[in-house]
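Coordinate analysis (summary)
So you can see what is in the structure, the chains are spelled out below.
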Amino acid sequence: MNKIKVRHIGNSLGVVLPKEVLAKLNVNDGDMLYLIESPDGSMRISPFDPAFEEQMKAAREGMGKFRNTLRELAK
């Protein structure tokens, strides 16, 4: 478990994530992180966009449904 402190950053509040956490998340300067609220009310930090994941799920379903058509178009 990592303990981080909320600090003033300009006119806002923010947190600084330790190097070990950034390495584990595989993020670099300028990358986006997403705060995702869990059903139990806790928050999760993730480098993956949940909206993009929903779009990919829909795309995978469509690709499965039209697999033969897509294969013919690829020729």
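Quick caveat: nothing in here was measured; it's all calculated off a predicted structure.

The final tally for this structure, using the stated rule, is one salt bridge. Notably, a salt bridge pairs K75 with E72, separated by 3.3 Å at the nearest N-O pair. Across the pair, E72 and K75 agree in class, each one exposed.

A word on a nonpolar patch on the surface. A contiguous nonpolar patch, built from I4, V6, L13 and V15 and spanning about 360 Å² of accessible area, is present on the exposed surface. Structurally, the position occupied by I4 is in the segment before strand 1 (6-9).

Let us look at the pairing of strand 1. Direction of pairing for strand 1 relative to strand 2 (residues 12-15): antiparallel, over a ladder of four bridges. Each bridged residue has a counterpart across the sheet, and for I9 the counterpart in strand 2 is S12. Taking the residues that link successive antiparallel strands as the turn, the strand 1-strand 2 hairpin has two residues, and the phi of G10 there is positive, at about 65 degrees.

The rules behind these values
Residues numbered from 1 in each chain as written. Predicted model: local features only at pLDDT ≥ 70, side-chain atom pairs only at ≥ 80, totals over all residues. Heavy atoms only, no water. Salt bridge = Lys/Arg side-chain N within 4 Å of Asp/Glu carboxyl O. Buried < 20%, exposed > 50% of the residue type's maximum accessible area, 1.4 Å probe, protein only. Patch = residues over 30% accessible without salt bridge, like charges linked within 9 Å, V, L, I, M, F, W, Y side chains within 5 Å. Areas by Shrake-Rupley, 256 points an atom, 1.4 Å probe, with all protein chains shown as cover. Helix = DSSP H or I, 4+ residues; strand = E, 2+ residues; numbered from the N terminus. Pairing = 2+ DSSP bridges.

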